[in-house]
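# A structural walkthrough
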Amino acid sequence: MTHVFEPLQFQAAGTDAVAGVADTDPAETAEWRDALSAVLAAGGPARARFLLDQLAALASEPAIAWQPRGGSPYVNTIPVERQPAFPGDLAIEERLASLMRWNALAMVVRANQAYGELGGHIASYASAADLFEVGFNHFFRARNAQQGGDLVFYQPHSAPGVYARAFLEGRLSEADLAHYRQELAAPAVGAQGLSSYPHPWLMPEFWQFPTGSMGIGPISSIYQARFMRYLQHRGLLQTEGRRVWGVFGDGEMDEPESMSALTLAAREKLDNLTWVINCNLQRLDGPVRGNGRIIDELEALFAGAGWHVIKLVWGSDWDGLFARDANGALRKAFAGTVDGQFQTFAAKDGRYNREHFFGQNAELAALAQGLTDEQIDRLRRGGHDMVKIHAAYAAAEQCRGRPVVILAQTKKGYGMGEAGQGRMTTHQQKKLDRDDLIAFRNRFALPLSDEQAANLEFFKPADDSPEMRYLHARRAALGGHIPARVAQAPQLVVPPVERWGDFALNANGKEMSTTMAFVRMLTGLLKDAQLGPRIVPIVADEARTFGMANLFKQIGIYSNLGQNYEPEDIGSVLSYREATDGQILEEGISEAGALSSWVAAATSYSVHGVPMLPFYIYYSMFGFQRVGDLIWAAADQRARGFLLGATAGRTTLGGEGLQHQDGSSPLQASTVPNCRTWDPAFAGEVAVIVEHGMRRMLEEQADEFFYLLLMNENYANPSLPEGAAAGVLKGLYRFQPAQGKKAAQVRLLGSGAILREVLAAAELLRSDYCVEAEVWSATSYSELQRDAIEAERHNRLQPQAPRRTSHVAQCLAGTAPVVAASDYVRAWPQLIAPYLEASRFVALGTDGFGRSDTREQLRRHFEVDRAHIALAALDALADAGSVPRELVVRAAGRLGG
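Residues numbered from 1 in each chain as written. Predicted model: local features only at pLDDT ≥ 70, side-chain atom pairs only at ≥ 80, totals over all residues. Heavy atoms only, no water.

## Description of the overall build of the protein
Check the secondary structure of the protein and you find 34 helices and 20 strands. By the burial criterion, 57% of the 897 residues in the protein qualify as buried. Long-range pairs, those at least 24 residues apart, make up 76% of the contacts in the protein between residues at least 6 apart in sequence. Summed over all atoms, the accessible surface of the protein reaches about 36,000 Å², with 51% contributed by carbon and sulfur. Distance between charge centres in the protein, computed from 86 positive and 102 negative side chains, equals 3 Å. (Helix = DSSP H or I, 4+ residues; strand = E, 2+ residues; numbered from the N terminus. Buried < 20%, exposed > 50% of the residue type's maximum accessible area, 1.4 Å probe, protein only. Contact = heavy atoms within 4.5 Å. Areas by Shrake-Rupley, 256 points an atom, 1.4 Å probe, with all protein chains shown as cover. Lys, Arg positive; Asp, Glu negative; His and termini not counted. Charge placed at Lys NZ, Arg CZ, Asp CG, Glu CD.)

## As for the packing of aromatic side chains
Evaluated as defined, the whole model comprises 54 aromatic pairs. Centre to centre, the rings of Tyr-163 and Tyr-180 are 6.4 Å apart; their planes meet at 65°, and the pair counts as edge-to-face. Here the residue Tyr-163 occupies a position in helix H4 (residues 159-168), and Tyr-180 occupies one in the loop between helix H5 (174-177) and helix H6 (216-233), the gap between them amounting to 17 residues. Tyr-180 matches Tyr-163 in its accessibility class, with the two residues each being buried. Measuring from centroid to centroid gives 4.2 Å for Trp-314 and Phe-334, while their planes differ by 20°, and the two rings are stacked. Of this pair, Trp-314 sits in the loop between strand E4 (308-312) and helix H10 (319-324) while Phe-334 sits in helix H11 (residues 329-335); the two residues are 20 residues apart in sequence, bridging distant segments of the chain. Side by side, Trp-314 and Phe-334 carry an identical accessibility label, which is buried. (Phe/Tyr/Trp six-rings, centres within 6.5 Å; stacked < 30°, edge-to-face > 60°.)

## Examining the nonpolar core
A general tendency of soluble globular proteins is for nonpolar side chains to be buried together. Of all hydrophobic cores here, the largest spans 207 residues; its most connected members are Ile-222, Trp-275, Phe-302, Trp-307, Trp-598 and Leu-748. By residue number, the principal contributor to this core is helix H33 (residues 866-879), which donates ten residues. When neighbours within four sequence positions are excluded, Ile-222 is seen to be in contact with Ala-261, Leu-262, Leu-264, Ala-265, Leu-270, Leu-273, Trp-275 and Trp-307. (Core = buried A, V, L, I, M, F, W, Y, C linked by side-chain atoms within 4.5 Å.)

## Let's talk about the pairing of strand E12 (residues 642-646)
When you tally the buried positions in E12, you get five out of five residues, the bulk of the element. Residues of E12 alternate between two faces, with Phe-642, Leu-644 and Ala-646 on one and Leu-643 and Gly-645 on the opposite face, all of them buried. Sheet topology note: the strand E11 (residues 613-619)/E12 ladder contains five bridges and is parallel. Each residue of the ladder has a partner; that of Tyr-619, found in E12, is Ala-646. Running through helix H25 (residues 624-636), the crossover from E11 to the neighbouring parallel element E12 is right-handed. Across four bridges, the pairing between E12 and strand E14 (residues 705-709) is parallel. Paired with Phe-642 across the bridge in E14 is Phe-706. (Pairing = 2+ DSSP bridges. Right-handed = clockwise from strand over helix to strand, strands pointing away.)

## Quick notes on the side chain of Thr-410
In this structure, Thr-410 sits in the loop between strand E5 (404-409) and helix H17 (434-443). For Thr-410, a relative accessible area of 0% corresponds to the buried category. Only 2.6 Å separates the side chain of Thr-410 from the side chain of Asn-278, close enough to count as a polar contact. Look past the residues within four positions of Thr-410 in its chain and what remains in contact with it is Ser-127, Leu-131, Asn-278, Cys-279, Asn-280, Arg-381, Gly-383 and His-384. (Polar contact = N/O pair within 3.5 Å; in protein donor to acceptor, adjacent residues only side chain to side chain.)

## Re the sheet that holds strand E10 (residues 585-586)
The strand order across the open sheet formed by six strands is E10-E7-E11-E12-E14-E13, and the pairing between neighbours is parallel. Each edge of the open sheet is held by one strand with a lone partner, namely E10 and strand E13 (675-678). One ladder, built from five bridges, connects strand E7 (residues 535-539) with E11; its direction is parallel. The residue bridging Pro-537 from the neighbouring strand is Phe-615, located in E11.

## Remarks on the environment of Ile-482
One can find Ile-482 in the loop between helix H19 (466-477) and helix H20 (497-505). Counting along the chain gives 339 residues from Ile-482 to Arg-143, while the straight-line C-alpha distance between them is 8.5 Å. Setting aside residues no more than four positions away along its own chain, Ile-482 makes contact with Phe-136, Phe-140, Arg-141, Ala-142, Val-152, Tyr-154, Glu-169, Arg-171 and Arg-475.

## Quick notes on H19
For H19, spanning twelve residues, the distance from its first C-alpha to its last is 16 Å, which sits close to the expected 16 Å at 1.5 Å a residue. All of the buried residues along H19 are Glu-467, Met-468, Tyr-470, Leu-471 and Arg-475. Relative to the axis of H19, the buried residues are bounded by an arc of 165° and lie together on one face. Facing away from the buried side of H19, by more than 90 degrees, are the exposed residues Arg-469, Ala-476 and Ala-477. After H19 finishes, the residue Gly-479 shows a positive phi value of roughly 100°. (Expected span 1.5 Å × (residues − 1). Arc of directions from axis to C-beta.)

## Quick word on empty space enclosed by the protein
One water molecule sets the probe size; rolling that probe over the atoms shows where empty space is left. Under the defined criterion, the tally for this structure stands at eight cavities of 30 Å³ or more. Its boundaries defined by the atoms lining it, the largest cavity holds a volume of some 180 Å³. Together, 13 residues line the largest cavity, and Trp-318, Phe-345, Asn-353, Leu-379 and Arg-381 are the ones closest to its centre. Elements represented by at least two residues in the lining of the largest cavity include exactly helix H12 (339-347) and helix H15 (373-377). In this structure, the second largest cavity spans a volume of roughly 70 Å³. Residue assignment for the lining of the second largest cavity shows that the elements contributing at least two residues are helix H23 (591-602) and helix H27 (683-699). A breakdown of the residues in the lining of the second largest cavity according to their chemical character gives nine nonpolar, one polar and one charged. (1 Å grid on protein atoms, 1.4 Å probe; cavity = no way out; pocket = protein on both sides within 12 Å on 5 of 7 lines; lining within 4 Å. Points joined across faces, edges and corners; volume = space filled by probe spheres on them. Nonpolar A, V, L, I, M, F, W, Y, C, P; charged D, E, K, R; others polar.)

## Focus: the sheet that holds strand E19 (residues 818-821)
Hydrogen bonds between backbone groups are what pair the strands of a sheet, and the pairing can be parallel or antiparallel. Pairing in this open sheet of five strands is mixed, and the strands run E16-E18-E17-E19-E20 from one edge to the other. Each edge of the sheet is formed by a strand with only one pairing partner; in this case those strands are strand E16 (732-736) and strand E20 (841-844). With strand direction ignored, the average angle separating the axes of adjacent strands in the sheet is 25°. Inspection of the sheet shows strand E17 (residues 746-750) paired to strand E18 (residues 773-778) by five bridges, in the parallel sense. Paired with Leu-749 across the strands is Trp-776, a residue of E18. (Axes fitted to C-alpha atoms, helices over the stretch in contact; angles between N-to-C directions.)

## Remarks on unusual backbone geometry
Pro-483 follows Ile-482 through a cis peptide bond whose omega is 0°. Within the element layout of this structure, Pro-483 appears in the loop between H19 and H20. A positive phi angle, near 70°, is found at Glu-542, a position not held by glycine. For Glu-542, the location among the structural elements is in the loop between E7 and helix H22 (550-555). Residue class for Glu-542 comes out partly exposed when judged on its relative accessible area of 36%.

## Let's talk about the pairing of E19
Neither face of E19 is left uncovered, since the one carrying Val-818 and Ala-820 and the one carrying Val-819 and Ala-821 both have all their residues buried. Bridge analysis of E19 against E20 gives four bridges, and the strand direction is parallel. Residue Val-818 lies in a different strand from E20, and its bridge partner there is Phe-841.

## Let's talk about the confidence of the model for the protein
Mean pLDDT over the protein: 91, with 96% of residues reaching 70 or higher. Here residues 1-19 scores under 50 on pLDDT; set against residues more than four positions off or in separate chains, the count is 36 contacts. (pLDDT = per-residue confidence, 0-100.)

## Things to note about a negative patch on the surface
A grouping of Asp-25, Glu-28, Glu-31 and Asp-34 is seen on the molecular surface, where their side chains present a negatively charged patch. The topology assignment puts Asp-25 in the segment before helix H1 (26-59). (Patch = residues over 30% accessible without salt bridge, like charges linked within 9 Å, V, L, I, M, F, W, Y side chains within 5 Å. Salt bridge = Lys/Arg side-chain N within 4 Å of Asp/Glu carboxyl O.)

## Some remarks on the packing of H6 against H23
Direction vectors running N to C along H6 and H23 enclose 60°, while the axes themselves pass 8 Å from each other. What the angle tells us is that H6 and H23 run oblique. The way H6 lies across H23 gives a crossing that is right-handed. Within the contact between the two elements, H6 uses Ile-219, Tyr-223, Gln-224, Arg-226 and Phe-227 and H23 uses Ala-592, Gly-593, Ser-596, Ser-597, Val-599, Ala-600 and Ala-601. (Parallel < 35°, antiparallel > 145°, perpendicular 65-115°, else oblique. Left-handed = near helix turned anticlockwise from the far one by under 90°.)

## Observations concerning a nonpolar patch on the surface
Taken together, the side chains of Trp-32, Leu-52 and Leu-55 make up a nonpolar region of the molecular surface, amounting to roughly 330 Å² of accessible area. Classification of Leu-55 as partly exposed rests on a relative accessible area of 42%.

Below, the structure is given as structure tokens:
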């Protein structure tokens, strides 16, 4: 079969463009070029690629040491002859996109005319509207009874455009649009306030994924795509045919999270993943790469990571120019133009572009000779041409074996003219004057009068109009409306704690660390026939450090490739085992990746309708401090699961030192509204908290997640005192009453690793200073604070109702001084200080930097050992007049040195 192609356009003979080497035999060079053209004409692209691969393999031998030139010409990857026919009504789709641009603009500008501080964005959606609309009309499938649907991550600054589409679909009202970024005022007038960006917490039936923090969407989309494969390989859900789409900004690619998992997506062969990068060439204040080209840079990064790259640079208006460009003048001009100049071309009119782009040389000028200034002004970039966009999306869906990225060039503020198109200030543009609004109306031929445009009236066609019938028909064909989020999932029954945690509840003095206790509980839960398969153990690395090596063989480590090697320790009982249906997600040294996997599992109940229970265990220092933004996004997304900060505390991880010793994560966790934080000291407390968390998340379907601190220190664990479970969950229970006949003179609070020091301090006070002390186990200062805040608020807002007393006030009523010691900064126990009515409160903690030494020396250094706890108690008693000050002086000489 004969293939007919246009002659290949090569650089003129003479020098090598990359190396600057002179061509010593132009005739031979021409023969090679002609030969390749002949192969292409006779055998087609596949044969040409095969031969080039053979030559490349030979050329890469050390004797030649050739490396391929990075990048490709600054043109579309999909040539016109391979472009499929557009399947929709192009004229209607363009009219709909124009209406959505207008309603999105009107929403933001109206809000800022009324309330100047509300903010909002116009320019990003103006650049991305066509990218979204082609997806909405032809590719983005909704979840329904027949299909699981696609997952779509929306560029956050384009949220107004998504609202504008939902308005036309009838999902949002005009009153809703009029209350953009007015979420508190809207309910008073029967409207729904629209959140600034995609926020599932604020709009739980609309948004599915939070993307407002740059970089969070890209990494999350990769791990969501991988988790879909995980569910399928484990036989839990059929996900074949479903796709993850992400529409992101080119400036967003500077975030490390955006790029950190690119190789994982390629390594896992995630051909269910497509990114569309809106390359409008501008960040928030100026060009992304003013002196370079971001599309070239991204092409090199993605191609090097193993992605299939589709460049969507020029619209159909350019096809005729390329066809007439016999000598490659356009390609050469593009090759020498940087993004800063492309931005200037976007901001200027047709006359300027004629003079400064097409006026560079006679060949370019000749190409533009038949075009008016207005036609030049309307030459579209690829991301504004629905025909080209559809071709790119269709090619992405057909790609097999690797993820796809579409690099779509657009203009920021497209259509905003002198008011904002391509201008440095366009991201901050929130107000337009009358002339600008009318110009926008004219640019997109909107059916609005001058007064309607000037008044920013929303426009919605009649229900029986061709546009509205088409809009609904396209979404019906794709399964329904999106974005949409399903809040409920089937309940999972939690097995009784006695089956998997009895050893902890009735420890009877057995030595263990809380980390080892948890792993034993997890092992027991994995054996439960119903819940076990839904558990997702996750580690970034060091599963062996946490004592999880026994799970390798038991449930396997997930790998899409299985295990194509014989592990070194294959004869061991704890040998390393990877499997296609493996259950553990071991993510390598990537806390961001592990947390993203945790989020994918923790939101499976809403994303897939399949409730899962993830347990992510990690060095506590590398959690909230390192990936706190991802954890906040997980909270926004209503994640359900367990985070386990192992080797927790500043003094339990003795020799590791400053960078590893955690003194602040529970305080940081306490700031996340739906994260419940616990610092248990004993295995029995861990069992009670884990059972409670599972029942909250799986049976009651509460949108919250638990953060447990786990220690690596082995010590004797008591059985859980009878009746203590309720106090464990409330955050405080009396572990040990005063030992003598007298009432307690002081109350000592301890948690986690320091509770044993508190117990020792109580004995020291009794034996050496005749002071009786109660010992309380404080499992969660944040739970105590929340309860106290609620009681305080109730009493303030309902003064006629019976007064409420918080749990902490009930437990610590009276005037006996309270000394609280933990392995964390003082601010952690001080969360409860305002709610103790009459007691003197002293907090001891590990403020400052960590050190490398033994636990004993570290606790002495941070003044949280038994001696300093006892001294603090004596000092508080002296202040209260309960003991003489001289006693404190003597004790300080003995204990404080």
